[in-house]
Amino acid sequence: MELRRRDYHVERPLLNQEQLEELGHWGPAPPTRQWRSWFQCSHARARTLLLQYLPVLAWLPRYPVREWLLGDLLSGLSVAIMQLPQGLAYALLAGLPPQYGLYSSFYPVFIYFLFGTSRHISVGTFAVMSVMVGSVTESLVPDEANPQAPNSTVNETDADAFRVQVASTLSVLVGLFQVGLGLVHFGFVVTYMSEPLVRGYTTAAAVHVLVSQLKYAFGLHLKSRPGPLSLIFTVLEVCWRLPQSVVGTVVTTLVSGLALVLVKLLNDKLQQHLPIPLPGELLTLIGATGISYGVNLNTTFGVDIMGTIPTGLDPPVAPRPELFPKIVGNAFTIAVVGFVIAISLGKIFAMRHGYHVDSNQELVAIGLSNLIGGFFQCFPISCSMSRSLVQESTGGNTQVAGATSSLLILIIILKLGELFRDLPKAVLAAIILVNLKGMLLQVKDVGSLWKTNRVDLLIWLVTFVATILLNLDLGLLVAVVFSLLLVVVRTQLPKYSILGQVPGTDVYRDVAEYPEAKEVPGVKIFRSSVTMYFANAELFSNALKQRCGVDVDYLISRKRKLHRKQEQKLKRLQKQHSHRQAAASNGTSFSISVNKGLEANELSTVDSVKQASTEDGTVATVEEEAKVPDTSSLKALGLPQPSFHSLILDLSAFSFVDTVCLKSLRGIFREFREIEVEVYLAACHSPVVTQFEAGCFFDASITKQHLFATVHDAVTFALQRPGSRASNPDLATKF
């Protein structure tokens, strides 16, 4: 679509910062002092705080029962059907007995129903969180306490009990971190984890999950290997022990995985015709349990089964504080990862359905789910993408769907858990592996990021490789630090431009990108794409001198050297004059021996001194008669002059300034003025002007009259300034 060209005529006075402030009656914005409201007490504030921290009281009384209840109930049923097998499987992934996966699918979900602000995410067990918990439990349980080890001397029940204590204590500590950070409004931490970082991290975590399930898929007994490079050592050990695989377990894994894939493909094909997706995981779970019970897979083919699953709920148990020092680092990492995953999904669904998600309240809600769940022997949770998509697609509108699914899980815990005693562990491994498809396919980001943004690709690759090699906790730390350092490096490699005027407009653009943009004769306009601060101030100054095409340092050095030489000659002449005056006053003759090397101007000065006398016959004073021509200018010293008389710094990209920036700007003013170039600032934002004033930047030599509202104002003033070396005297009026 072509824009219709119209001729506009805008007439206004030229404005520098001083005039702009006077015209607009500028003054500092009054401080908000928001902290004062924190200590105010009133009925309205108490009600606001109650609704803020307990959002269910805000939306539940206005819940439209007729429109939304049926959809939420069907959605809750569908999510519960998925929660059952995933809870059992992810408990296995965390190294815990299966019933604790069901507990983690009940308590946290109901707590989030009360405190959460997202209407569509499905809170509960998640593969990434489970594998992170599994790495902690394995690192704290010694090898001799591993019940799967061939030479184990420790009771399996005791080892499982210890792992449960570790996982529940970890959940309490994770919850404390999340609630504390949420109360101090630390939800902004998610901004430091970019989308490429999160996707690279979850992809690497999916690889960790895949490798951790190989022992169940092949029926192998592996050593626990926590710490860096544990993934590599585990893969090598799996390859070494492949001849020891249990055939029955491998066949069970393949058949279960194939059945799950077929059902998922069928769901995708019949998506428009089915009211709810076919529960492939539940059907596979029931079918595998029946087959295992009928043919006795455990004793006949050596396939590991779940064993006895206790029914009922366990009483709350206090955490073990002596474990806090050992798991505090892992707890903080899990807290950040869990929150980032939850808030990322929450914001996706909020944008899709047009409502707001409070990141700080989400942090509190997830934290309370982990904190309270830890007392009931749950392990840390987050939210699942697959279950959240099912909850949305099957008609879920609020967290009533989540509450419904938690109540159905409660029924299973109380009455139906014992029915899965003969369920093969290989089936749960197959469920986990098939559900990794979405996260593993994120490896396609490499191709898309290569085409769109290679800096983001570098973040993705560094995050992925660091997480694979250094494990999940150290990998996340390396990824975040690298991402922040990359931001600093990018500010040190900005784009510097010399601007020219687009013909017929007051618009100025980079002359390298816009061939029709022409530099204004006698004026250089310089712009940086980022703000100047301590890390790039020297780069800014060097780039400015290079782009202007003038060796500023050389000119200043030569000027000072020649100036010192002229001063020495002047002192010698003054000395000779003083001797001549003394001789004349004494009535004696005095001759001056002139060095043949003196320059012509010096000889003429000496001749003038010889001929100068006052009316009464005395010799004139040096100040009156022996004046040497002005040698302070570049032209008088025989040095080349810059091709421009004015330099304009476009500060439109500056968002803040520090003391190093102010010092560098003063240096730019001083150096360019020494080579007879006046400097102006333009397009500076009000907060930066305030920082200029606070840093005492303005003084007698640099005033607000050197700061202009726009680049065009600065150019116009520079061309109209008296004494400017414009190549065309009429240029100012034509411009």
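First, a word on scope: everything that follows refers to the structure included in this document. Small disclaimer: the values here were computed from a predicted structure and weren't measured.

**As for the overall build of the protein chain**
Each helix and strand in the protein chain was counted, giving 32 helices and eight strands. Of all 735 residues assigned to the protein chain, the portion counted as buried reaches 48%. In the protein chain, once contacts between residues fewer than 6 apart in sequence are set aside, the share between residues at least 24 apart is 81%. Of the roughly 37,600 Å² of accessible surface on the protein chain, a fraction of 61% belongs to carbon and sulfur atoms.

**Some words on the pattern of salt bridges**
Enumeration according to the criterion identifies 16 salt bridges in this entry. As a salt-bridge pair, arginine 241 and glutamate 237 come within 3.1 Å of each other at their nearest N and O atoms. Here the residue arginine 241 and the residue glutamate 237 both occupy positions in helix α12 (residues 230–241), the gap between them amounting to four residues, near one helical turn. On the accessibility criterion, arginine 241 (22% relative accessible area) is partly exposed. It is possible to trace a salt-bridge network through shared partners that takes in Lys495, Asp510 and Glu513.

**Remarks on the environment of leucine 665**
Looking at the secondary structure, you find leucine 665 in helix α29 (residues 659–674). What makes leucine 665 buried here is its relative accessible area of 0%. Residues leucine 665 and methionine 532 lie 133 residues apart in sequence; the distance between their C-alpha atoms is 9.5 Å. Ignoring any residue separated from it by four or fewer positions in sequence, one finds leucine 665 in contact with Met532, Leu649, Phe692 and Phe697.

**A few points about helix α31 (residues 711–720)**
Since the α-helix advances by 3.6 residues per turn, residues separated by three or four positions end up pointing in the same direction. Counted residue by residue, α31 has seven buried out of 10 residues, so it is predominantly covered. Of all the residues in α31, the buried ones are Val711, Asp713, Ala714, Val715, Thr716, Ala718 and Leu719.

**Quick word on the packing of aromatic side chains**
Tallied over the full model, the rule gives 22 aromatic pairs. Consider the rings of tyrosine 680 and phenylalanine 717, whose centres lie 5.6 Å apart with planes at 80 degrees: the pair is edge-to-face. Taken as a pair, tyrosine 680 in strand β7 (residues 678–682) and phenylalanine 717 in helix α31 lie far apart in primary sequence, 37 residues in all. Accessibility expressed as a relative area gives 2% for tyrosine 680, which makes it buried. A centroid spacing of 6.0 Å and a plane angle of 80 degrees characterise the contact between phenylalanine 692 and phenylalanine 698, whose relative ring orientation is edge-to-face. A network of ring pairs unites the aromatic residues Trp59, Tyr63, Trp68, Phe110 and Phe113 as a single cluster.

**With respect to the sheet that holds β7**
The strands that make up a sheet are held in pairs by hydrogen bonds between backbone atoms, and each pair lies either parallel or antiparallel. One open sheet holds the six strands; their spatial order is β4-β3-β5-β6-β7-β8, and the pairing between them is mixed. Each edge of the sheet is formed by a strand with only one pairing partner; in this case those strands are β4 (508–510) and β8 (707–708). Of the pairings in the sheet, the one linking strand β5 (residues 523–528) to strand β6 (residues 646–650) comprises five bridges and is parallel in character. In the strand pairing of β6, lysine 524 is matched with leucine 647. The strands that α29 touches are β6 and β7; relative to β7, the one it contacts most, it runs at about 145 degrees.

**Some words on a nonpolar patch on the surface**
A surface patch of nonpolar side chains, about 490 Å² in accessible area, is lined by Leu229, Ile232, Phe233, Leu236, Val465 and Leu469. Among the elements of the structure, α12 and α23 (454–492) are those that each provide at least two residues to the nonpolar patch. For the nonpolar patch, the element with the most residues is α12, which contributes three residues. Looking at leucine 469, the relative accessible area reads 34%, which means it is partly exposed.

**Topic: the pairing of strand β3 (residues 496–501)**
Look at any regular strand and the pattern is simple: side chains alternate between the two faces of the sheet. Counting buried residues along β3, six of its six residues qualify, which places the element largely inside the surrounding structure. Alternating residues of β3 divide into Tyr496, Ile498 and Gly500 and Ser497, Leu499 and Gln501, and every residue in both groups is buried. One ladder, built from three bridges, connects β3 with β5; its direction is antiparallel. Counted as the bridge partner of serine 497 is arginine 527 from β5. Bridge analysis of β3 against β4 gives three bridges, and the strand direction is antiparallel. What sits directly across from glutamine 501, in β4, is tyrosine 508.

Reading the values: rules and limits
- Residues numbered from 1 in each chain as written.
- Predicted model: local features only at pLDDT ≥ 70, side-chain atom pairs only at ≥ 80, totals over all residues.
- Heavy atoms only, no water.
- Helix = DSSP H or I, 4+ residues; strand = E, 2+ residues; numbered from the N terminus.
- Buried < 20%, exposed > 50% of the residue type's maximum accessible area, 1.4 Å probe, protein only.
- Contact = heavy atoms within 4.5 Å.
- Areas by Shrake-Rupley, 256 points an atom, 1.4 Å probe, with all protein chains shown as cover.
- Salt bridge = Lys/Arg side-chain N within 4 Å of Asp/Glu carboxyl O.
- Phe/Tyr/Trp six-rings, centres within 6.5 Å; stacked < 30°, edge-to-face > 60°.
- Pairing = 2+ DSSP bridges.
- Axes fitted to C-alpha atoms, helices over the stretch in contact; angles between N-to-C directions.
- Patch = residues over 30% accessible without salt bridge, like charges linked within 9 Å, V, L, I, M, F, W, Y side chains within 5 Å.

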